[in-house]
Amino acid sequence: MARRKKKNYSQLLFLGFIVLLAVTFLTGMADKYFATSETPQATTSNDEQAKQNFIKQLAPIAQAEQRQYGVLASITLAQAALESDWGKSELSAKYNNLFGIKNPNGSLMTTQEYVDGQWTTIKDTFAVYGSWEDSVKAHTQLFVDGTDWNTDHYGPVLQAKNYEQAAWALQNQGYATDPNYAEKLIALIKQYNLNQYDL
């Protein structure tokens, strides 16, 4: 009888060990699953919140410029988001330049431009501003004053009746070298309902 009890006790210990291993394994798998499934959601949520904060910060400034000069707020917001990567680019974070506006007396930076059918890395000098508000105002003045060779260069942008017309006018007037520039602006305006800020 004593031998049988000892054998049963050994079997129980072995089964207990197996159960402990199984629980440890399953707990580890659960932790791994939840860690990988929750982290991206949190990151996405934070990223979207940052984008909404970016819009809220710039919307009143863009609307004020529209009231005074007629540049659609949705266009200003979409361009700012696209050109500055939602305020995260070095040019916008360090020099408050949201729109990639160049200035021969500015800061030398590396950028990507679409030249001869392909993206090329170049170095150029970009304007430096004291604040994002100053950048938005300079962006408006570019449209109002035009270029050195044509003071009415961005007239079609100011005369546009809606954001789609304005986006295509920007591309046609050569604001950016990206061949998909207008489509990207329109997509951003639709995705974030930026036309709600147009007056």
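Figured I'd write up the structure that's included with this text.

Conventions adopted
- Residues numbered from 1 in each chain as written.
- Predicted model: local features only at pLDDT ≥ 70, side-chain atom pairs only at ≥ 80, totals over all residues.
- Heavy atoms only, no water.
- Helix = DSSP H or I, 4+ residues; strand = E, 2+ residues; numbered from the N terminus.
- Buried < 20%, exposed > 50% of the residue type's maximum accessible area, 1.4 Å probe, protein only.
- Contact = heavy atoms within 4.5 Å.
- Areas by Shrake-Rupley, 256 points an atom, 1.4 Å probe, with all protein chains shown as cover.
- Polar contact = N/O pair within 3.5 Å; in protein donor to acceptor, adjacent residues only side chain to side chain.
- Axes fitted to C-alpha atoms, helices over the stretch in contact; angles between N-to-C directions.
- Parallel < 35°, antiparallel > 145°, perpendicular 65-115°, else oblique.
- Left-handed = near helix turned anticlockwise from the far one by under 90°.
- Nonpolar A, V, L, I, M, F, W, Y, C, P; charged D, E, K, R; others polar.

## Quick word on the overall build of the protein
Turning to step 1, where the next piece is worked out: A tally of regular secondary structure across the protein gives 7 helices and 2 strands.
Turning to step 2, where the next piece is worked out: Going through the 199 residues of the protein one by one, you find that 35% of them count as buried.
Turning to step 3, where the next piece is worked out: Long-range contacts, defined as pairs at least 24 residues apart, comprise 55% of the intrachain contacts of the protein with a sequence gap of at least 6.
Turning to step 4, where the next piece is worked out: As displayed, the protein offers around 12400 Å² of accessible surface, 54% of which is attributable to carbon and sulfur atoms.

## As for the side chain of Lys51
Turning to step 1, where the next piece is worked out: Along the chain, the position of Lys51 falls in helix α1 (residues 2-69).
Turning to step 2, where the next piece is worked out: The exposure class assigned to Lys51 is buried, which follows from its relative accessible area of 14%.
Turning to step 3, where the next piece is worked out: In terms of polar contacts, Lys51 uses its side chain to reach the side chain of Tyr192, at 3.4 Å.

## Here's the deal with the packing of helix α6 (residues 163-172) against helix α7 (residues 181-191)
Turning to step 1, where the next piece is worked out: The N-to-C vectors of α6 and α7 enclose an angle of 150°; their axes lie 8 Å apart at closest approach. The orientation of α6 with respect to α7, classified from their angle, is roughly antiparallel. Both α6 and α7 take part in a crossing whose hand is right-handed. On α7, the residues touching Tyr163, Glu164, Ala167, Trp168, Leu170 and Gln171 of α6 are Tyr181, Ala182, Glu183, Leu185, Ile186, Ile189 and Lys190.
Turning to step 2, where the next piece is worked out: Among the residues forming the contact of α6 with α7, the class breakdown is 9 nonpolar, 1 polar and 3 charged.

## Things to note about unusual backbone geometry
Turning to step 1, where the next piece is worked out: A positive phi angle is found at Asn96, which is not glycine, with a value near 60°.
Turning to step 2, where the next piece is worked out: Here Asn96 shows up in the loop between α3 (90-95) and β1 (102-115).
Turning to step 3, where the next piece is worked out: A relative accessible area of 18% means that Asn96 is categorised as buried.
Turning to step 4, where the next piece is worked out: In this structure, Asn193 takes a positive phi of about 50° despite not being glycine.

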